[in-house]
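Observations on the three-dimensional arrangement
Chain by chain, the residues:
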Amino acid sequence: MSEDVAVAVDRYIEGLFGGQDAVLEAAQQRAADAGLPAISVSAPLGRFLHVLALACGARQVLEIGTLAGYSAIWMARALAAGGRLVTLEANEEYAEIAGANVADAGLDDVIEIRRGRALETLAELEREQAGPFDLVFLDADKEPYTEYLQAALRLSRPGTLIVADNVVYAGQVLSEEPSEMVAGLQRFNRALAAESGVRAAIVQTTGVKGHDGMALAVVREA
Ligand code: SAH
Ligand code: DHB
Ligand code: MG
């Protein structure tokens, strides 16, 4: 399939659902105006995350990698009353933009943006016994994805859904001479497949963000 068809199908999917609303549009616009990299999930995959959050009846969501808050807003909108979403971001400027987007989305009381490097803020969440989370979305730097998975497992309960973005990376996960980043993804994929504490799958994705993939894992009974 050509990339053009994949892009057109993404537009088609968006069209079916009336596209994203003004709040999400404005969030992406603010990110673009501030020069943030265009690496959020696509609108169809944002909707996918929203549906996953609904499917697990999520009340507590953890996201690793906020950027401008786009995926966080999609997921937070699926939360039952009283639910909360904690999202981790190392870049101060990005966290600032995300904060403005979250406020404009009316989700100040739902989304907590925690600043700092994720390995540290994850340890902080463990110390606070902030878990268990019902849904965890991994989407920060790729080198430590395996460590993020281990932390996510410690913050989980049986039935928790763990989702990881970018696990195919335009097919670069096939490479025998991977970049550090892709090596991190390969290590994560192997660790996930070997992890007896979860039942996992990896699905390839395509569309406006090109060829990629998401891993989905459900935490099993101990
Ligand atoms: N989930 C977002 C996209 C996240 S992009 C969305 O779909 O809308 C990845 C983000 O992870 C970037 O904002 C980057 O600054 C952040 N990041 C990278 N390394 C990090 C680290 N060690 N700790 C926390 N955040 C990190
Ligand atoms: C890239 C894409 C992502 O979705 C992400 O989380 C990080 C990086 C990229 O295309 O480089
Ligand atoms: Mg990503």
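As shown above, the structure is provided for reference.
Predicted model only: the values in this text are computed from it and were never measured. (Residues numbered from 1 in each chain as written. Chains lettered and ligands numbered in written order. Predicted model: local features only at pLDDT ≥ 70, side-chain atom pairs only at ≥ 80, totals over all residues. Heavy atoms only, no water.)

**So, the nonpolar core**
Side chains of a nonpolar character, in soluble globular proteins, are inclined to be buried together. Ranked by internal contacts, the top residues of the largest apolar core, which has 32 residues, are L49, L85, I111, L135 and V163. When contributions to this core are tallied by element, the ones reaching two or more residues are α2 (22–33), α3 (43–55), α4 (70–76), α5 (92–104), β3 (111–115), β4 (135–138), β5 (161–165) and β7 (212–219). For this core, the element with the most residues is α4, which contributes six residues. Judged by nonpolar contacts, the second largest core, of 30 residues, contains L62, A118, A130 and Y145. (Core = buried A, V, L, I, M, F, W, Y, C linked by side-chain atoms within 4.5 Å. Buried < 20%, exposed > 50% of the residue type's maximum accessible area, 1.4 Å probe, protein only. Helix = DSSP H or I, 4+ residues; strand = E, 2+ residues; numbered from the N terminus.)

**Quick notes on the site of ligand 2**
Taken together, the residues surrounding ligand 2 are I39, D139, K142, D165, N166 and Y169. In this structure, an oxygen atom belonging to ligand 2 sits 3.2 Å away from a main-chain N or O atom of I39. A distance of 2.5 Å separates an oxygen atom of ligand 2 from a polar side-chain atom of Y169. Relative to its unbound accessible surface of 290 Å², ligand 2 loses 69% to contact with the protein. (Near = heavy atom within 4 Å. Polar contact = N/O pair within 3.5 Å; in protein donor to acceptor, adjacent residues only side chain to side chain. Areas by Shrake-Rupley, 256 points an atom, 1.4 Å probe, with all protein chains shown as cover.)

So yeah, pure geometry; function would need other evidence.
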